[in-house]
Amino acid sequence: MTIRDKTAIAGLGSTPYYKRGTSLPQTLPELVCKAIIAAVDDAGLTVKDIDGFAYYSEGFDTPYLMETLGIPEIRYTATLTGSGGGSAGAVGLAASAIVSGMAETVVVVGGTQMAEQRFGSLMSAYPQTPENAFFSSAGLVGPGHMFALLARRHMHLYGTTREHFAEVAISTRLNAMRNPGAVMRKPMSRDDYFNAPMIADPCCLFDFCLETDGAIAVVVTSTERARDLRRDPVRILASTHGGGRDWGRALYWMNMPDEAFASGGHAPVARGLYAQAGVTPGDIDCAQIYDHFSPMVITQLEDYGFCGKGEGGPFVASGAIRYDGGSLPVNTDGGQLSAGYIWGMSHVREGVEQLRGTAVSQVADAELVLVTGGPSSLPVSGLILAK
Amino acid sequence: MSEISKAPPPELFTLTTDQWTKPFWEAAAAHRLVAPKCGCCSTFRMPPTPFCPNCLSQALEWPELSGHGVLYSYTIVARAIIPEMAAHLPYVPALVELPDAGGVRLITNIVGAPLDALEIGCPVEVVWDDRPDGVSIPCFRLVRTD
Ligand SMILES: [Zn+2]
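These numbers come from a predicted model, not from an experiment.

About the cut-offs
Residues numbered from 1 in each chain as written. Chains lettered and ligands numbered in written order. Predicted model: local features only at pLDDT ≥ 70, side-chain atom pairs only at ≥ 80, totals over all residues. Heavy atoms only, no water. Helix = DSSP H or I, 4+ residues; strand = E, 2+ residues; numbered from the N terminus. Contact = heavy atoms within 4.5 Å. Expected span 1.5 Å × (residues − 1). Buried < 20%, exposed > 50% of the residue type's maximum accessible area, 1.4 Å probe, protein only. Phe/Tyr/Trp six-rings, centres within 6.5 Å; stacked < 30°, edge-to-face > 60°. Polar contact = N/O pair within 3.5 Å; in protein donor to acceptor, adjacent residues only side chain to side chain. Donors = N, O, S within 2.8 Å, 3.2 Å for Na, K, Ca; no water. Arc of directions from axis to C-beta. Core = buried A, V, L, I, M, F, W, Y, C linked by side-chain atoms within 4.5 Å. Buried area = accessible area lost by both parts, 1.4 Å probe. Salt bridge = Lys/Arg side-chain N within 4 Å of Asp/Glu carboxyl O. Pairing = 2+ DSSP bridges.

Side note on the environment of Leu 65 of chain B
1) Next: Within the secondary structure, Leu 65 of chain B sits in the loop between strand S2 (60–61) and strand S3 (68–74).
2) Next: Apart from residues no more than four positions distant in its own chain, Leu 65 of chain B is found in contact with Leu 33, Val 34, Ala 35, Phe 44, Leu 98, Asp 100 and Ala 101 of chain B.

Printed below as a string of structure tokens:
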């Protein structure tokens, strides 16, 4: 038994994306509720139809949501372990609840509000433990410091350059400039990129994702039921999460064998995903790749087989990921680098928009879209959505 | 003349240990660099954990290492993203591979190095950052090859 093609996304809801802290005085649970209400409304349902929640990254407080929204009963509430690596996999978690008959209408929701703890200095807020002593003693304050170590190794092994990172940042910004909902819509030239302050060499300011507030929810149900609802179903063709021991705790371990070290950690998940979907990388029309750091877009393009190992730099330099003329438009909404950082859910959102034909930067005849969760401690995850 | 790398901000780290990590930090306080080695199959691992991932033995040895390593990767932090960092810039978080511990890597810092001399593959050797709280942290400096 697999979840292949048995479920669909029937509803999509989102708050605006706000620059860090500017969503106040709204609360984070309030933003989450707004996204949920919008998603069930979009599906032609009401909150009373919700009978399940699937989360990632520690999720939200289900009984609070029930109390607040008046949801009478739920039959399923589950969270993928780990952090932002699970954003795409949470959709698969919802699908597994439906395929197994444990629930009928499952909401996947993600949201973030950075009023107190900035994501950029996340590790400095971790409690001190015997395990994290081995990285916090080295002054690794934020995820950017850690991913910079991976990026430099990729440069060393494969000749990847900052020009390649710049191409990811600039092509993503071009997409954001067309998106009225994007937070950063100013043009970014190559000079702008190279003049930006270096935060964690070789990663400069524009290699880092934004710090934003917002929430996004989707409603997952059976494909059969979704056909009777308001919107055309976006089919969940496949979703996988997990990963290999050679990636494991990744940033908190840093002992990955060379090949895994200079990667996004997604290779095992990608293999499983294509096998489950019965498609190949060449069948994918556009990709929404978790972009917390621009070098990690390059490594995931390799993990998902759009180019060979170590060829991600030249692949993006060829223009392949551009919306205009690219063979694989990537992060068509402007991504987390330029549109908004909603902990991966904006990629799910853009996947749905592309397959509904409602994307601002619509890829002509898009039928299959890849969505990935963040390279992070396992699990990492992937999702293939279909028209 | 390129800037010289410093030690990272001490305020950001308070040492806590358990029975599996304590020998590493006790040796460090005596300026001895050690790494956990399986007492059964001799596989090194880092950081220390309660079981050998190769044979599941809990037997452990802590051989003293030469302190010589190879720079595997590094980043240069030159911008304070929280205020405590400001007086300690630039610092250089790094991964150092330890050839005499089966190639396991330490997450550490390169100190006292001109930033333009940093290069993956450089030989490095341990130096000790003796902190005000009595904790010593292994850092590394570039080994002169001229
Ligand atoms: Zn062993």
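A short note on helix H3 (residues 87–99) of chain A
All names here are of chain A.
1) Next: The terminal C-alpha atoms of H3 lie 19 Å apart, and with 13 residues this matches the ideal 18 Å at 1.5 Å per residue to within 8%.
2) Next: For H3, the tally of buried residues reaches eleven of 13 residues, placing the bulk of the element in the interior.
3) Next: Taken residue by residue, H3 has Ser 87, Ala 88, Gly 89, Ala 90, Val 91, Gly 92, Leu 93, Ala 94, Ala 95, Ala 97 and Ile 98 as its buried positions.
4) Next: Gly 101 sits one or two residues past H3 and shows a positive phi near 80°.

Quick notes on the packing of aromatic side chains
1) Next: Evaluation of the coordinates by the stated rule reveals 15 aromatic pairs over all chains.
2) Next: Here Tyr 290 of chain A and Tyr 341 of chain A contribute two aromatic rings whose centre-to-centre distance is 6.4 Å and whose plane-to-plane angle is 90°, an arrangement assigned as edge-to-face. Within this pair, whereas Tyr 290 of chain A is found in the loop between strand S10 (286–288) and helix H11 (294–303), its partner Tyr 341 of chain A is found in the loop between helix H13 (335–339) and helix H14 (345–356), the two being separated by 51 residues in sequence. Of the two residues examined, Tyr 290 of chain A and Tyr 341 of chain A, each falls in the buried class.
3) Next: Connected via pairs of aromatic rings, a cluster forms that spans Phe 134 of chain A together with Phe 13, Phe 24 and Trp 25 of chain B.

With respect to the environment of Arg 45 of chain B
Residues and elements named next belong to chain B.
1) Next: Its place among the elements puts Arg 45 in the loop between strand S1 (37–38) and S2.
2) Next: On the basis of relative accessible area, Arg 45 is assigned to the buried category, the value being 4%.
3) Next: Through-space distance from the C-alpha of Arg 45 to that of Gly 103 is 9.2 Å; in sequence the pair is 58 residues apart.
4) Next: Setting aside its immediate chain neighbours within four residues, Arg 45 contacts Pro 36, Cys 38, Pro 50, Phe 51, Cys 52, Pro 53, Leu 60 and Val 104.
5) Next: A polar contact is formed between the side chain of Arg 45 and the backbone oxygen of Thr 49, at a distance of 2.7 Å.
6) Next: Of the polar contacts made by the side chain of Arg 45, one reaches the backbone oxygen of Phe 51; its length is 3.2 Å.

Looking at the coordination of the zinc ion
Perfect tetrahedral coordination of a metal by four donors corresponds to 109.5 degrees between them, and perfect octahedral coordination by six donors corresponds to 90 or 180 degrees.
Residue and element names in this part refer to chain B.
1) Next: Around the zinc ion, the protein contributes the donor atoms Cys 38 (SG), Cys 41 (SG), Cys 52 (SG) and Cys 55 (SG), which lie 2.3 to 2.4 Å from the metal centre.
2) Next: Between the donor residues of the zinc ion, the gaps in sequence give the motif C-x2-C-x10-C-x2-C. A residue pair is termed long-range when its members are at least 10 positions apart, and Cys 41 in the loop between S1 and S2 and Cys 52 in the loop between S1 and S2 qualify at eleven residues.

Here's the deal with helix H2 (residues 62–69) of chain A
Residues and elements named next belong to chain A.
1) Next: Those residues of H2 that fall on the buried side of the exposure criterion are Thr 62, Leu 65, Met 66 and Leu 69. When H2 is viewed along its axis, its buried side chains cluster within an angular range of 100° and face the same direction. The exposed residues of H2 that point more than 90 degrees off its buried face are Pro 63 and Glu 67.
2) Next: Lining the buried residues of H2 we find helix H1 (28–43), strand S3 (52–55) and strand S4 (76–79).
3) Next: Just downstream of H2 lies Gly 70, where phi reads positive at about 75°.

Some details on the nonpolar core
Residues and elements named next belong to chain A.
1) Next: With 68 residues, the main nonpolar core has Leu 150, Met 254, Leu 301, Phe 306, Leu 370 and Ile 384 as its most contacted residues.
2) Next: It is helix H5 (residues 143–158) that contributes the most residues to this core, seven residues altogether.
3) Next: Not counting chain neighbours up to four residues away, the residues in contact with Leu 370 comprise Leu 273, Ile 284, Cys 286, Ala 287, Gln 288, Ile 289, Tyr 304, Phe 306, Leu 383 and Ile 384.
4) Next: Counting 47 residues, the second-largest nonpolar core is a separate cluster that includes Tyr 56, Tyr 76, Ala 78 and Ala 339.

A short note on the side chain of Glu 211 of chain A
1) Next: Looking at where Glu 211 of chain A falls in the secondary structure, it is placed in the loop between strand S7 (203–204) and strand S8 (212–222).
2) Next: For Glu 211 of chain A, a relative accessible area of 18% translates into the label buried.

A word on the interface of chain B and chain A
1) Next: In this assembly, 37 residues from chain B lie in contact with 38 residues from chain A.
2) Next: Summed over both sides, the interface of chain B with chain A buries roughly 3,200 Å², with 62% coming from carbon and sulfur.
3) Next: Applying the counting criterion to the chain B and chain A interface returns zero salt bridges.
4) Next: Where chain B meets chain A, there are 17 residue pairs in polar contact (both at pLDDT 80 or more).
5) Next: Going through the elements one at a time, helix H1 (22–29), S3, strand S4 (76–77), strand S5 (93–98) and strand S6 (104–109) of chain B are the ones with two or more residues in the side of chain B that touches chain A.
6) Next: No other element matches the five residues that S6 of chain B contributes to the side of chain B that touches chain A.

Thoughts on the pairing of strand S7 (residues 123–130) of chain B
Residues and elements named next belong to chain B.
1) Next: Here S3 runs beside S7; their pairing, made up of three bridges, is antiparallel. Its bridge partner lying in S7, Val 70 is registered against Pro 123.
2) Next: As defined by bridge partners, S7 adjoins strand S8 (residues 136–142) across seven bridges and the pair is classed as antiparallel. Residue pairing across strands places Trp 128 opposite Pro 138, the latter belonging to S8.
3) Next: Counting the residues that bridge the hairpin from S7 to S8 gives five residues, and of these Gly 134 lies at a positive phi of roughly 90°.

Side note on the sheet that holds S7 of chain A
1) Next: Across the sheet, three strands lie side by side as S7(A)-S6(A)-S4(B); this open sheet has antiparallel pairing. The open sheet is flanked by S7 of chain A together with S4 of chain B, the only strands paired with a single partner.
2) Next: Bridge analysis of strand S6 (residues 198–201) of chain A against S4 of chain B gives two bridges, and the strand direction is antiparallel. In the strand pairing of S4 of chain B, Asp 201 of chain A is matched with Ile 76 of chain B.

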